[in-house]
Amino acid sequence: MSFDLSSRLAERRSAHLYRQRPLLASPQSVHAVVDGQSLLAFCSNDYLGLANHPQVAEAMIEGVRRWGTGGGASHLVVGHSGAHHQLEEALAEFTGRPRALLMSSGYMANMGAITALVGQGDTVLQDRLNHASLLDAGLLSGARFSRYLHNDAQSLQQRLGKASGNTLVVSDGVFSMDGDLAKLPEICATARHHDAWVMVDDAHGFGCLGATGAGIVEHYGLGLEDVPVLVGTLGKAFGTAGAFIAGSEELIETLIQFARPYIYTTSQPPAVAWATLKSLQLLRDESWRREHLARLIAQFRAGASALGLQLMDSPTPIQPLLIGDSQRALQLSAGLRQRGILITAIRPPTVPQGTARLRVTLSAEHSEDDIARLLEALQQTLASLPEMNT
Ligand SMILES: *Cc1c(COP(=O)(O)O)cnc(C)c1O
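Residues numbered from 1 in each chain as written. Predicted model: local features only at pLDDT ≥ 70, side-chain atom pairs only at ≥ 80, totals over all residues. Heavy atoms only, no water.

## A word on helix α5 (residues 106–117)
Heads up, the condition is: Numbering goes from the N terminus for both helices and strands, where a helix is a DSSP run of H or I of at least four residues and a strand is a run of E of at least two. For a helix, the expected span equals 1.5 Å multiplied by the number of residues minus one. Exposure is judged per residue with a 1.4 Å probe applied to protein chains only, and the accessible area is read against the type maximum: over 50% gives exposed, under 20% gives buried, and values in between give partly exposed. In the analysis that follows, any N or O atom pair within 3.5 Å is treated as a polar contact, provided that within protein one partner can donate a hydrogen and the other can accept it, and provided that, for residues neighboring in sequence, both atoms belong to side chains.
Between its first and last C-alpha atoms α5 spans 17 Å; for 12 residues at 1.5 Å apiece the expected length is 16 Å, and the two agree. The buried count for α5 comes to nine of 12 residues, which makes it a mostly enclosed element. Every buried residue of α5 is listed here: G106, A109, N110, M111, G112, A113, I114, A116 and L117. Taking the backbone nitrogen of Y107 as reference, a side-chain oxygen 3.4 Å away marks S105 as the first, capping residue of α5.

The following block contains the structure:
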């Protein structure tokens, strides 16, 4: 008998890797109602608290009135509305790039960019901790695909020495499960030395890093020559949905011609783009959100290290607590939940074997009291669990 799904599921369960979806009965917020319980949440990517911001919500409603509900067709047929176009122009200006292309999701942006830029006879080199969508795209592209050691320009250099054809170096900007920053100045210099292009997926940097929230390239002051392909997503700090690719005029035209996940899909609802114009404005102008986040990050890191917890090397709102064992990560998550705190355990294959963690994320919507509550709950939960002796 083929398709023995029940034993696959049972295996996953016994390895403590079974996933379940918390059912949210409220808007996305740090005060979430999940499975009927009111919880203080530390696990969304709504870093700036814009996913339920009244002005963004109002813009979405106005967008529906003005543009209707559906995209109706792909961009190349008749789905490219004025709302989409205006957002692309605003994103180009925001990123300081000649043009930007709006995509329906970050997964599709990465799939589209990589498969349009490299193919058979080319090379794609990726940080081994890159997001799944980048790794999947690398495999699908048909290019020679190799992963270099995490954030290691020397390991990249060795691989560049053996590369052939057009060579694309791809990295997360902020690593999504660890919160650390890609060492882009070194990576870009190394790539440039070998005439390779650099593509950065800054899903978690936009809104959080840089003086105006323009992400890791603003943080390091990197221009178009350093990072010719820049990807951002709109479902995280922007609080809406979709993604974009920013770069040269020629890059964007190439993607419009050749990026299949752009060509063969319906455009996102134009009202979403209309709302994103508003969230972009709030993200840029309200720098107090980034300043408040920085204070919360410092407070959390000081408190967690005082508790003896293992923090990662992260200056961002992603503050994972490394646990190691998947079962223990689940127990901690369950214990926190009993104390009114929601943090889902992140386990393999999302993270490497033996590195299960509680991926704590902070939001500008949190208060300093919320952080204090989290630290207290962590202390109590840890005290209630048996010591690990492995
Ligand atoms: C979330 C994420 C994506 C996917 O973006 P979606 O818009 O959610 O599809 C891509 N890359 C990274 C690094 C991400 O964290």
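## Brief notes about empty space enclosed by the protein
Selection criterion: Put simply, the grid is 1 Å and covers the protein atoms alone, a cavity is a trapped set of points that fit a 1.4 Å probe, a pocket is an open set with protein on both sides within 12 Å along at least five of seven lines, and lining residues have an atom within 4 Å of a point. Grid points are joined across faces, edges and corners, and a volume is the space filled by probe spheres set on the points. Under the scheme applied here, ten amino acids are nonpolar (Ala, Val, Leu, Ile, Met, Phe, Trp, Tyr, Cys and Pro), four are charged (Asp, Glu, Lys and Arg), and all others, including Gly, are polar.
Taken as a whole and judged by the stated rule, the model has two cavities of 30 Å³ or more. Quantified by volume, the largest cavity comes out at close to 60 Å³. Taken together, Q28, S29, V30, A41, F42, C43, S44, D46, T361, S363, E365 and H366 make up the full set of residues lining the largest cavity. Class assignment for the residues of the lining of the largest cavity results in four nonpolar, six polar and two charged. If you add up the space inside the second largest cavity, you get close to 40 Å³. Every residue lining the second largest cavity is listed: H75, L102, M103, S104, P261, Y262, T265, T266 and S267. Elements with a minimum of two residues in the lining of the second largest cavity: β3 (99–103) and α11 (260–263). By residue class, the composition of the lining of the second largest cavity is four nonpolar, five polar and no charged.

## What to know about unusual backbone geometry
The amide bond that connects P348 to the next residue, P349, takes the cis arrangement and shows omega of 5 degrees. As for its position among the elements, P349 is in the loop between β12 (345–346) and β13 (356–361). If you check the backbone angles, H16 has positive phi at about 60 degrees while not being a glycine. Here H16 shows up in the loop between α1 (5–14) and β1 (31–34).

## Focus on the side chain of S26
Rules: Contact definition: two residues touch when any of their heavy atoms are within 4.5 Å.
Here S26 lies in the loop between α1 and β1. Here V33 takes part through its backbone nitrogen, which lies 3.0 Å from a polar atom of the side chain of S26. With sequence-adjacent residues up to four places away left out, S26 is seen in contact with H31, A32 and V33.

## Considerations on the pairing of strand β7 (residues 197–201)
So the rule is basically this: Handedness of a crossover is defined as follows: with both strands directed away from the viewer, a clockwise route from the first strand across the helix to the second makes it right-handed.
Most of β7 sits inside the fold, with four of its five residues counted as buried. Read from strand β6 (residues 167–172) through helix α8 (residues 184–193) to β7, the crossover connection turns out right-handed. Handedness of the crossover is the feature at issue here: the chain leaves β7, passes through helix α9 (residues 215–220), returns alongside strand β8 (residues 229–233), and the resulting connection is right-handed.

## A closer look at the packing of aromatic side chains
Heads up, the condition is: The aromatic pairing rule takes the rings of Phe, Tyr and Trp, using the six-membered ring of Trp, and pairs them if the centres are within 6.5 Å, calling planes under 30 degrees apart stacked, those over 60 edge-to-face and the rest tilted.
The tally for this structure, following the rule as stated, stands at five aromatic pairs. On the basis of an interplanar angle of 45 degrees and a centroid distance of 6.0 Å, the ring pair of F94 and F206 is categorised as tilted. Within this pair, whereas F94 is found in helix α4 (residues 82–95), its partner F206 is found in the loop between β7 and α9, the two being separated by 112 residues in sequence. Note on accessibility: F94 and F206 belong to one class, buried.

## Some points on the domain arrangement of the protein
For the record, the criterion: Annotation comment: domain bounds sourced from an automatic or database domain assignment. Buried area: the accessible surface (1.4 Å probe) lost by two parts on joining, summed over both. The salt bridge criterion pairs a side-chain nitrogen of Lys or Arg with a carboxyl oxygen of Asp or Glu, the two atoms within 4 Å.
Taken as a whole, the protein is organised into domain 1 (16–48 + 287–384) and domain 2 (54–285). Domain 1 and domain 2 are separated by 27 Å when their C-alpha centres are compared. Interface area for domain 1 against domain 2, summed over the two sides, is near 1,600 Å², with a carbon-plus-sulfur share of 59%. Between domain 1 and domain 2 we count one salt bridge in total. Of the charged contacts in the structure, one is a salt bridge between D178 and R357, with a shortest N-O distance of 3.1 Å. At the boundary of domain 1 with domain 2, the tally comes to 10 residue pairs in polar contact (both at pLDDT 80 or more). Those elements that place two or more of their residues in the side of domain 1 that touches domain 2 are β10 (318–324) and β13. Residues of the side of domain 1 that touches domain 2, tallied by class, amount to 10 nonpolar, five polar and five charged.

## Topic: the site of the ligand
Note the following rule: By convention in this text, a residue qualifies as near a molecule or strand provided that one of its non-hydrogen atoms is within 4 Å of it. Computed by Shrake-Rupley with a 1.4 Å probe, the accessible areas treat only the displayed protein chains as cover when residues are assessed.
As a matter of local geometry, the ligand sits amid 14 residues, with G106, Y107, D201, H204 and K236 nearest to it. A distance of 2.7 Å is found between an oxygen atom of the ligand and a backbone nitrogen or oxygen belonging to G106. The separation between an oxygen atom of the ligand and a polar side-chain atom of H204 is 2.5 Å. In the complex, the protein chains occlude 81% of the 380 Å² of accessible area that the ligand would expose alone. Ranked by the residues each element gives to the shell around the ligand, the list is headed by α5, at three residues. When its residues are assigned to classes, the shell around the ligand shows two nonpolar, nine polar and three charged.

## Regarding the sheet that holds β12
Formally: Should DSSP find at least two bridges between two strands, the strands are regarded as paired. For every element, the axis is a line fit to its C-alpha atoms; helices are fit only across the contacting stretch, and the angle between N-to-C directions ranges from 0 to 180 degrees.
In space, the three strands of this open sheet follow the order β10-β13-β12, with antiparallel pairing throughout. Edge positions in the sheet fall to β10 and β12, since each of these pairs with one other strand and no more. For β12 and β13, the ladder comprises two bridges, and the chain directions are antiparallel. Paired with A345 across the strands is L358, a residue of β13. On the sheet, helix α14 (residues 326–338) packs against β10, β12 and β13 and is oriented at approximately 35 degrees with respect to β13.

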